[in-house]
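Single-letter residue listing:
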Amino acid sequence: MVQTETLGRVIDEHPFFQGIDAGLRELLVGCAKNERFEVGEFLFRNGGKADKFFLVRAGTVAVEVDVPGKPPIIIETVGEGEVLGWSWIVAPHIASFDARAMTLTRALSFDAKCLLKKMAADPALGYEVLRRFVPVMAHRLQASRMQMLDLYGPDGEDRPAKKVKIEVVKAVKGSKGKNRKADALLAAPEKPLKATRKADKEKASKKQKKAG
Amino acid sequence: MTSMPKDPMLPVPFRIERVQRELSDTFTMEMVAKDGGTFSFKAGQFNMLYVFGVGEVPISISGDPADRSKVVHTTRAVGAVTKALDALKAGDEIGVRGPFGTDWPVEAAYGHDLVFVAGGVGLAPLRPAIYQAMANREKFGRVVVLYGARTPEDILFKKELERWRGRFDMDVGVTVDRATGKWSGNVGVVTKLVARGGFDPLHTTAFVCGPEVMMRYVAAELEKKGVARSSVWVSMERNMKCGCGLCGHCQWGPHFVCKDGPVFRYDRIADMFSIREL
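Residues numbered from 1 in each chain as written. Chains lettered and ligands numbered in written order. Predicted model: local features only at pLDDT ≥ 70, side-chain atom pairs only at ≥ 80, totals over all residues.

## Remarks on the overall build of chain A
Then, in step 1: Per the secondary structure count, chain A includes seven helices and eight strands.
Then, in step 2: Here chain A holds 212 residues, and the buried ones make up 28% of them.
Then, in step 3: When contacts within chain A are restricted to residue pairs at least 6 apart in sequence, long-range pairs at least 24 apart make up 70% of them. (Helix = DSSP H or I, 4+ residues; strand = E, 2+ residues; numbered from the N terminus. Buried ≥ 20, exposed ≤ 12 C-beta atoms within 10 Å, placed from the backbone. Contact = placed C-beta atoms within 7 Å.)

Quick look at the structure:
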């Protein structure tokens, strides 16, 4: 009884279920339990059954993708006051990412089977839960799109290589404020400057041959 | 005595005193006027930097407005002129015209919570306003700096962010778009940090600088939190040439970004953000 009361209070206090009707909260309590994850422990794994979702109470969880031969890429962190996992709503209820505790994490977990059953029996509960999940899903979809846009600029491979930089230095120093060709060379740095010069020489020699 | 001439089209020679590598493609230059004069500017303004024989480029000033002895610019090497700038070193000379444009209204925000939201290299134009705010810390409520970068390796002014985070009178949130296991901070878009709040929306002034798409989403998130559009300021970027509203290169609807901007009040330009042709 004491634990039920505690769980109810935790649900009430968590921003995700803030303001939920007391009757509906009682239905949620029946499917909830407190969990604790040590650093590095997985809350769920990619390809595993999505049979739970979590309300994070404390700590940070990394949502990540495992890349063979490379360290896993973290695509999102979920922290205190946030909800983790929505694959339990969508068939075939399989997790699409790994969720790993970055710090000691305390969370309230909800048994998906138990909750789905209650949601099917009580449309008010079903509506209430989905009403709260849909904005989270929409927000994460929007965030993923923004991340895909790669707004903050070129990646490592596109950055000026040291070699190109040296060529640019030479072009600037050699221009002495007069040679406008440096401008054109610098405007197309993707094309190695040496290669451009070589092409120019070839053009000139062809012209000479023609003239000859 | 100021170094800058009355003719805004006339570049003044400045000597590069120090070049600091910030990221693999981003660097900060400290410059002093060759004639030994001082340089005054307001946070948010920009200069036209002229690499002799190559060309001119508009770059926001990233130094402290209170320090008139030098002018500081943080630049990402992406185009012909900025790559040429990147090739210069201490002792080299460049031409400087400016300062141009509107400023972050730091003084008008006295009494408010102040929220700075920056993305990528957009932290550079905001840094002078952060310096100004911290020099007048007692005049504001909460001061919050929210910063988003591509990866942990792309965080600009990392040491400074750490120093600011260590202060007891400033909240600093940093997030990256993606990371590997070595990173223990936030991963996700900067709007997520805005959503967490930590400021009083009804009494908040927000300064936002970064890619246009990011600013649009941040402004929307601030609005969702209850911050009025008229309390949000953004810094725009366009192809500025003359710097003083003569040539029209940077025309953006009814505005010249170099003269009417780069800092705009969001409610005045919000509708233009969604016009694809602009």
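## Observations regarding the sheet that holds strand β3 (residues 46–51) of chain B
Residue and element names in this part refer to chain B.
Then, in step 1: Strand order across the open sheet formed by six strands is β4-β3-β6-β1-β2-β5, with antiparallel pairing between neighbours. With partners counted over all chains shown, the strands left at the sheet margins are β4 (55–60) and β5 (71–76), one partner each. The mean angle between the axes of side-by-side strands here comes to 40 degrees, regardless of whether they run parallel or antiparallel.
Then, in step 2: Pairing of strand β1 (residues 12–23) with strand β6 (residues 93–100), which is carried by four bridges, proceeds in the antiparallel orientation. Bridge pairing in β6 places Val12 opposite Val96. (Pairing = 2+ DSSP bridges. Axes fitted to C-alpha atoms, helices over the stretch in contact; angles between N-to-C directions.)

## Some remarks on the nonpolar core
For soluble globular proteins, nonpolar side chains are generally found buried alongside one another.
Then, in step 1: In terms of nonpolar packing, the biggest core is built from 126 residues, with Phe116 and Val208 of chain B touching the most fellow members.
Then, in step 2: Those residues in contact with Phe116 of chain B, other than ones at most four positions away along the chain, are Leu126, Ala129, Ile130, Val144, Val145, Leu146 and Phe207 of chain B. (Core = buried A, V, L, I, M, F, W, Y, C linked by C-beta atoms within 7 Å.)

## A look at the confidence of the model for chain B
Then, in step 1: Residues of chain B with pLDDT of at least 70 account for 98%, and the chain-wide mean is 92.
Then, in step 2: Taken over the whole predicted complex, pTM reads 0.82, whereas the ipTM for its chain interfaces reads 0.75. (pLDDT = per-residue confidence, 0-100.)

## Structural notes on the sheet that holds strand β8 (residues 143–149) of chain B
Residue and element names in this part refer to chain B.
Then, in step 1: Sheet architecture is open: seven strands sit in the order β11-β9-β8-β7-β12-β13-β16, paired in mixed fashion. Taken across any chain shown, the strands that pair with only one partner, and hence form the sheet edges, are β11 (186–187) and β16 (263–265).
Then, in step 2: Along the sheet, helix α3 (residues 158–166) makes contact with β8 and β9 (171–176), crossing β9 at roughly 140 degrees.

## Examining the environment of Ala108 of chain B
Residues and elements named next belong to chain B.
Then, in step 1: One can find Ala108 in the loop between β6 and β7 (113–119).
Then, in step 2: Take Ala108: there are 11 C-beta atoms within 10 Å of it, and that puts it in the exposed class.
Then, in step 3: On a C-alpha basis, the gap between Ala108 and Arg163 in space is 26 Å, while along the polypeptide they are 55 residues apart.

## Thoughts on helix α4 (residues 123–149) of chain A
Then, in step 1: In a regular helix each residue adds 1.5 Å, so 27 residues correspond to 39 Å; α4 of chain A covers 38 Å between its end C-alpha atoms and thus fits that length.
Then, in step 2: Regarding α4 of chain A, the residues found buried are Leu125, Val129 and Met146 of chain A.
Then, in step 3: For α4 of chain A, the elements touching its buried residues are α2 (22–29) and α3 (112–121) of chain A together with α5 (212–225) of chain B.
Then, in step 4: Looking one or two residues past α4 of chain A, Asp150 of chain A carries a phi angle of roughly 50 degrees, positive in sign. (Expected span 1.5 Å × (residues − 1).)

## Some words on the confidence of the model for chain A
Then, in step 1: Summing up the model confidence of chain A, the mean pLDDT is 82 and the portion of residues at 70 or higher is 74%.
Then, in step 2: Here residues 178–182 of chain A scores under 50 on pLDDT; set against residues more than four positions off or in separate chains, the count is nine contacts.

## As for the pairing of strand β13 (residues 232–235) of chain B
Residue and element names in this part refer to chain B.
Then, in step 1: The two faces of β13 match: Val232 and Val234 on one face and Trp233 and Ser235 on the other face are all buried.
Then, in step 2: As judged from the three bridges shared by strand β12 (residues 204–209) and β13, these two strands associate in the parallel manner. Across the sheet, the residue bridging to Phe207 is Trp233, located in β13.
Then, in step 3: Taken together, β12, α5 and β13 constitute a β-α-β crossover, and its handedness is right-handed.
Then, in step 4: Across three bridges, the pairing between β13 and β16 is antiparallel. For Ser235, the partnering residue across the bridge sits in β16 and is Val263. (Right-handed = clockwise from strand over helix to strand, strands pointing away.)

## Description of the environment of Leu88 of chain B
All names here are of chain B.
Then, in step 1: Mapped onto the elements of the fold, Leu88 is located in the loop between α1 (80–86) and β6.
Then, in step 2: Through-space distance from the C-alpha of Leu88 to that of Val19 is 8.5 Å; in sequence the pair is 69 residues apart.
Then, in step 3: Residues within four places of Leu88 in sequence aside, it is in contact with Ile16 and Ile94.

## With respect to the domain arrangement of chain B
Residues and elements named next belong to chain B.
Then, in step 1: Looking at the assigned domains, one finds that chain B contains domain 1 (12–100) and domain 2 (107–273).
Then, in step 2: A straight line from the C-alpha centre of domain 1 to that of domain 2 covers 22 Å.
Then, in step 3: With 20 residues of domain 1 at the contact, the number on the domain 2 side is 18 residues.
Then, in step 4: Sorting the residues of the side of domain 1 that touches domain 2 by element identifies β1, β3, β4, β5 and β6 as the ones contributing at least two each.
Then, in step 5: Sorting elements by how many residues they give to the side of domain 1 that touches domain 2 places β6 first, with three residues.
Then, in step 6: A per-class count over the side of domain 1 that touches domain 2 returns nine nonpolar, seven polar and four charged. (Domains from an automatic or database assignment. Nonpolar A, V, L, I, M, F, W, Y, C, P; charged D, E, K, R; others polar.)

## What about the environment of Asp122 of chain A?
Then, in step 1: Of note, Asp122 of chain A is situated in the loop between α3 and α4.
Then, in step 2: Considering only alpha carbons, one finds Asp122 of chain A and Ile94 of chain A, 28 residues apart in sequence, at a separation of 24 Å.

## Examining the packing of α3 of chain A against α4 of chain A
Residues and elements named next belong to chain A.
Then, in step 1: Two numbers describe how α3 lies on α4: the axes approach to 5 Å, and their chain directions differ by 120 degrees. Put simply, α3 runs oblique to α4. Within the contact between the two elements, α3 uses Lys118, Met119 and Ala120 and α4 uses Leu125, Gly126 and Val129.
Then, in step 2: Looking at side-chain class alone, the contact of α3 with α4 contains four nonpolar, one polar and one charged residues. (Parallel < 35°, antiparallel > 145°, perpendicular 65-115°, else oblique.)

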